[in-house]
Amino acid sequence: MRRLLAMVGLVVSMAACAEESLPLKAHSDSSGWTAKWIGKDEAEVKSKDRRLAARYVRKDFLLTKKVRGAVVMFAGLGSSELYFNAHKVGDAVLSPALSDYTKRVYYVTYDVTSLLKRGTNAIGAVLGNGRFFAPRGTVSYGFPKLRLQLHIEFTDGTSTEIVSDETWKLTTDGPIRTNNEYDGEEYDARMELDGWDKPGFNEAKWEPVQLVGAPGGIMSAQTIAPIRVTGAIKPITMKEVSPGVFIYDMGQNIVGWCRLSVKGPAGTAVSMRFAETLKPDGTLFLANLRGAKVTDRYTLKGKGVEVYEPRFTYHGFRYVELTGFPGKATLATLEGRVVNDDLESAGSFMCSNPMLNRIYSNIVWGVRGNYRSIPTDCPQRDERQGWLGDRSECSRGEAYIFQTGMLYAKWVQDMIDAQRDNGSASDVCPAYWRVYNDDVTWGASLVIIPGALLDMFGDRTTIERAYPSMVKWIDYMSGFITNNVMTADKYGDWCVPPENPKLIHSKDPARKTAGPILATTYFYHCLELMTRYAKMFGKPDDVLRFTALAKKLKDGLNTKYLNRDTGQYDNGSQTSCVLPLAFGMVPNDMRQRVFDHLVDKITNETHGHIGTGVVGGQWLNRVLSDNGRPDISYTIATNTTYPSWGYMVEKGATTVWELWNGDTADPSMNSGNHVMLVGDLVIWLYERLAGIKPDPDHPSFQHIIMRPTPVGGLTFVKASHRSPYGLIVSEWRCDHGKFRWHIVIPPGSTATAYLPNDDKPIELRAGTHDLFTK
Ligand code: BGC
């Protein structure tokens, strides 16, 4: 018992302690679990949409003594809610965290002392599909099931355990008639099971639960923040586009669902459908959601004002269609509920350019909405997967916005769990889609993200834990090297701005970057990171072999692709210049030539616009700034013509699109809320514009490198970042050529600051500082 109570404390305190490493190992075991898995391994109605009625499970139990403390461990798969004596335990939704259930099952732990009483008590749980009874097209793990263990200690020093077993009862005849994450939830309030979660409920019509097979994975305490309703948003307009069809505009593309308030006769069915954009006639544009039916349906019980929110689905939307409403709907009928991993804010950014501020806001909404205990690619269509390549370097930028340390450490564990024995990495983690394409640029996240966790949060444990998997991946992928060139590339520089507004992928060979250039440069970068990790953990043999292989790849790249006459790699695409420059692969005597070539391309071919896709875009802005042309990064960042983030804003985007031409492209792959095209923009805003950057030799901002860039006529930048050491502030202002800079360095940190155009280091200790140019 003491051990269990201590664990609850640990779960809570870990969330507040970003610099601590994720203790997955310590809690990844099945010892202490005696409870059985229970559920019902059959469906009442067979549906090709894979919609199930929610399962309600319950048990009464008697306590004859006074409770001193009680803790519950609960794994309700796929998504679940837990009740004690008619109180919902905790405020999480869509719980627990996602995983490959054959490898790992996350359970949540709660102190439930205050919910128990002497006498008869009731435990109840509601089980939804989640990703366990998986949406169509993804790997399924079986029917929803649960395992629960309640440990109770009494004031007299004795203790008891209540566990899930064959004595529990189950029904599928509750109000949640169908649910799944893509299609929505149907709720019939006439079927509510009044008092089902209270002691003494008459469960005569319920059936005994089945003892069911374990999912197979090890039991692991969930240490990441839960998903919660993190905000409420009121619609800004409502229009009746045809009799009885009301279209609401939330004013913002959000992720979550709506709360419906309705009064009317029993049996009336009200439906809500969700979309990111509208058609010209003002009705929902649903084509880009592919097969997702995104419909929540509520059937009234006919008693006063009824308030409904779904539990086991979520949608990505700005617009809502309401139909079947009894009477006249009003703006107050719906309220948007914003749902995502409840991560603490980690920073703020604002500057004198309103467009840049708007773009930043779009990014924050996009990043936030795509946290569903994994970073998803998109929240609205029938996909919602954790694609590795979207977040490789991009994820480091997110760490300036939210406290992402625990979430990304957990995602690295998902990558480890997904890896095949031969070393092949899954491009989607957890591997709900079995996509083992052996693509370097996607798989590289397994190596890159742990390094970012070290730099941003001081997390060494994730590197240590992932190291064997990284080595296995490096060794396996090395088999794809031919003549010192890495050939394994599947996706290319995904989603470069296409030449034709209808296209998803460019057909123009000049815009594309040769796969082996992407793969060779990225693999080289991975080998450099591996060398860093191997040095950290004292593995000299690994250092030698990674360094030697990296050198070979550098030679291979330059021998095969560098044209010393023209100063370009292969066809000279923007990305083919960016990556060798970013990773230090260009021979010294050719650096300027290659950079000049990049500048020429951007200036004369794309006319100050971005020409990279997801891969090159994660490095572009820093390469430009670090080679003396921050003005070009600024132009790219503040453009409002195609292709640019500003173009999306001008076209009404309130998040970031999957495609640069998201307003015109084919809807079969065109989400309005993807994070991948953010590239290194956020890193650039914080590290180059504001000038707040961790020193890799003293990670987690123990030492900060502060080098702001006044550029593009900006008159001020105000940024802050809450690092593991505390709050860092960099606020500068340019008045009539005079640069004034206010800095806050947290206790325990030091900084080296540089005034603009001045290479003289200024050493700063913790405290506030005001610097200015004469
Ligand atoms: C996803 C992307 C992903 C890509 C890779 C798309 O369907 O939405 O985010 O990286 O596939 O093929």
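Residues numbered from 1 in each chain as written. Predicted model: local features only at pLDDT ≥ 70, side-chain atom pairs only at ≥ 80, totals over all residues. Heavy atoms only, no water.

### Let's talk about the overall build of the chain
When you go through the chain residue by residue, the secondary structure sums to 16 helices and 38 strands. Against the compact-globule benchmark of 28 Å for 774 residues, the chain has a radius of gyration of 27 Å, which places it among compact chains. Dimensions of the chain, computed from the C-alpha atoms along their principal axes, are close to 85 × 65 × 55 Å. Per-residue burial over the chain gives 63% buried out of 774 residues. A sequence separation of at least 24 residues applies to 75% of the contacts in the chain between residues at least 6 apart. For the chain, the accessible surface area stands at approximately 27,600 Å², while carbon and sulfur atoms represent 52% of it. Between the centroid of the 89 positive side chains of the chain and the centroid of its 86 negative side chains there is a distance of 3 Å. (Helix = DSSP H or I, 4+ residues; strand = E, 2+ residues; numbered from the N terminus. Rg over C-alpha atoms; globule rule 2.2 N^0.38 Å. Buried < 20%, exposed > 50% of the residue type's maximum accessible area, 1.4 Å probe, protein only. Contact = heavy atoms within 4.5 Å. Areas by Shrake-Rupley, 256 points an atom, 1.4 Å probe, with all protein chains shown as cover. Lys, Arg positive; Asp, Glu negative; His and termini not counted. Charge placed at Lys NZ, Arg CZ, Asp CG, Glu CD.)

### Thoughts on the nonpolar core
Formed by 168 residues in total, the largest nonpolar core has its most connected members in Trp473, Phe523 and Met706. Among the elements that line this core, the one with the most residues is helix α9 (residues 515-536), at 12 residues. Here tryptophan 473 is in contact with Gln419, Gly423, Ala425, Asp439, Val440, Gly443, Ala444, Leu446, Val447, Phe523 and Cys526, once residues within four sequence places are set aside. Within the second largest apolar cluster, 34 residues are counted, among which are Tyr56, Tyr298, Leu322 and Leu334. (Core = buried A, V, L, I, M, F, W, Y, C linked by side-chain atoms within 4.5 Å.)

### Overview of the site of the ligand
Near the ligand, the surroundings consist of Asp377, Arg381, Glu383, Trp387, Asp390, Trp442, Tyr491, Trp494, Glu658, His674 and Met676. Within the side chain of aspartate 390, a nitrogen or oxygen atom sits 2.4 Å from an oxygen atom of the ligand. Take glutamate 658: an N or O atom from its side chain is 3.3 Å from an oxygen atom of the ligand. Computed on the free molecule, the ligand has an accessible area of 310 Å², of which 93% lies beneath the protein chains in the complex. When the residues that make up the shell around the ligand are grouped by side-chain class, the tally is five nonpolar, one polar and five charged. (Near = heavy atom within 4 Å. Polar contact = N/O pair within 3.5 Å; in protein donor to acceptor, adjacent residues only side chain to side chain. Nonpolar A, V, L, I, M, F, W, Y, C, P; charged D, E, K, R; others polar.)

### Topic: the pairing of strand β8 (residues 145-154)
Across the 10 residues of β8, 10 count as buried, placing the element largely inside the fold. Because side chains alternate across β8, one face comprises the buried residues Lys145, Arg147, Gln149, His151 and Glu153, and the other comprises Leu146, Leu148, Leu150, Ile152 and Phe154, equally buried. Summarising the sheet, strand β3 (residues 67-77) and β8 pair through 10 bridges and their orientation is antiparallel. Residue pairing across strands places valine 71 opposite histidine 151, the latter belonging to β8. As paired strands, β8 and strand β9 (residues 159-163) are joined by five bridges and run antiparallel to one another. When the bridges of β9 are listed, glutamine 149 appears paired with valine 163. Between β8 and β9, which pair antiparallel one after the other, the connecting turn spans four residues, and glycine 157 there sits at a positive phi close to 95°. (Pairing = 2+ DSSP bridges.)

### Some details on helix α16 (residues 681-690)
Count 3.6 residues to each turn of an α-helix, and residues three or four apart come out pointing the same way. Burial of α16 is extensive: 10 of the 10 residues sit out of reach of the surface. Along α16, the residues classified as buried are Leu681, Val682, Ile683, Trp684, Leu685, Tyr686, Glu687, Arg688, Leu689 and Ala690. One or two steps after α16, the chain reaches glycine 691, where phi turns positive at roughly 80°.

### Let's talk about the pairing of strand β12 (residues 184-188)
In terms of burial, β12 is a largely internal element, four of the five residues being buried. When strand β11 (residues 176-180) meets β12, the two strands line up antiparallel, connected through four bridges. Residue pairing for β12: asparagine 180 is matched across the bridge by glycine 184. Hairpin connection between β11 and β12: a loop of three residues separates the two successive antiparallel strands. Pairing geometry for β12 and strand β22 (residues 295-299), over three bridges, is parallel. Counterpart to tyrosine 187 in the pairing with β22 is tyrosine 298.

### Considerations on the sheet that holds strand β37 (residues 762-764)
Read across the open sheet, the four strands follow the order β31-β32-β36-β37; overall the sheet is mixed. In this open sheet, the two strands that pair with only one neighbour each are β31 (693-694) and β37. Sheet topology note: the strand β32 (residues 703-706)/strand β36 (residues 750-753) ladder contains four bridges and is parallel. Within β36, the position partnered with isoleucine 704 by the bridge is alanine 751.

### Quick word on unusual backbone geometry
Look at the link from serine 95 to proline 96: it is a cis peptide, with omega at 0°. Here proline 96 lies in the loop between β5 (87-88) and β6 (104-111). Note that the residue after tyrosine 642, namely proline 643, is joined by a cis bond; omega there is -10°. Within the secondary structure layout, proline 643 lies in the loop between α14 (630-638) and α15 (645-650). If you check the backbone angles, asparagine 85 has positive phi at about 50° while not being a glycine. Tracing the chain through its elements places asparagine 85 in the loop between β4 (79-84) and β5. Accessibility expressed as a relative area gives 11% for asparagine 85, which makes it buried. The backbone phi angle of asparagine 483 is positive, close to 45°, even though this residue is not glycine. With respect to the helices and strands, the residue asparagine 483 is situated in the loop between β27 (481-482) and β28 (485-486).

### A look at the sheet that holds β5
Overall, antiparallel pairing links the six strands, which are arranged β5-β4-β7-β2-β10-β13 in an open sheet. Where the open sheet ends on each side, the last strands, each with one partner, are β5 and β13 (207-208). For β4 and β5, the ladder comprises two bridges, and the chain directions are antiparallel. Each bridged residue has a counterpart across the sheet, and for tyrosine 83 the counterpart in β5 is lysine 88.

### Considering the pattern of salt bridges
The full count for this structure, using the stated rule, is 49 salt bridges. In this structure, aspartate 382 engages arginine 290 in a salt bridge whose closest nitrogen and oxygen atoms are separated by 3.1 Å. Of this pair, aspartate 382 sits in the loop between α3 (354-369) and α4 (394-401) while arginine 290 sits in the loop between β21 (284-285) and β22, and the two are 92 residues apart along the sequence. Residue class for arginine 290 comes out partly exposed when judged on its relative accessible area of 33%. Between aspartate 680 and arginine 622 there is a salt bridge; the shortest N-O distance is 2.9 Å. Placement of aspartate 680 in the loop between α15 and α16 and of arginine 622 in helix α13 (residues 620-626) is noted, with a sequence separation of 58 residues between them. (Salt bridge = Lys/Arg side-chain N within 4 Å of Asp/Glu carboxyl O.)

### Structural notes on the packing of aromatic side chains
This structure, assessed with the given rule, holds 36 aromatic pairs. Ring centres of tyrosine 187 and tyrosine 298 lie 5.7 Å apart, and the angle between their planes is 15°; this geometry places the pair in the stacked category. Of the two residues, tyrosine 187 is situated in strand β12 and tyrosine 298 in strand β22; the sequence distance between them amounts to 111 residues. Classification of tyrosine 187 as buried rests on a relative accessible area of 10%. By relative accessible area, which is 2% here, tyrosine 298 ends up buried. Between the aromatic rings of tyrosine 400 and phenylalanine 701, the centroid separation amounts to 6.2 Å while the plane-to-plane angle is 75°, which identifies the pairing as edge-to-face. (Phe/Tyr/Trp six-rings, centres within 6.5 Å; stacked < 30°, edge-to-face > 60°.)

### What about helix α11 (residues 574-582)?
Here α11 lies mainly inside the structure; eight of its nine residues are buried. Considering only its buried residues, α11 is in contact with α9, α10 (540-561), β30 (568-569), α12 (591-605) and α13. Directly after α11, the chain includes glycine 584, whose backbone phi takes a positive value near 70°.

### Quick look at the domain arrangement of the chain
By a widespread convention, an interface's size corresponds to the accessible area lost as its parts come together. Partitioning the chain into domains gives domain 1 (2-224), domain 2 (229-341), domain 3 (347-639 + 675-689) and domain 4 (703-772). Of note, the centres of domain 1 and domain 2, computed from C-alpha atoms alone, are 29 Å apart. With 29 residues of domain 1 at the contact, the number on the domain 2 side is 25 residues. Contact between domain 1 and domain 2 buries roughly 2,100 Å² in total, counting both sides, with carbon and sulfur atoms accounting for 52%. Contact with domain 2 buries area across many residues of domain 1, yet Leu94, Glu185 and Tyr187 alone supply 28% of it, more than any other trio. Scanning the region where domain 1 abuts domain 2 turns up three salt bridges. Viewed at the interface, domain 2 and domain 1 are joined by 20 residue pairs in polar contact (both at pLDDT 80 or more). Top element by residues in the side of domain 1 that touches domain 2 is β12. It accounts for five residues. Residue classes in the side of domain 1 that touches domain 2 are distributed as 11 nonpolar, six polar and 12 charged. (Domains from an automatic or database assignment. Buried area = accessible area lost by both parts, 1.4 Å probe.)

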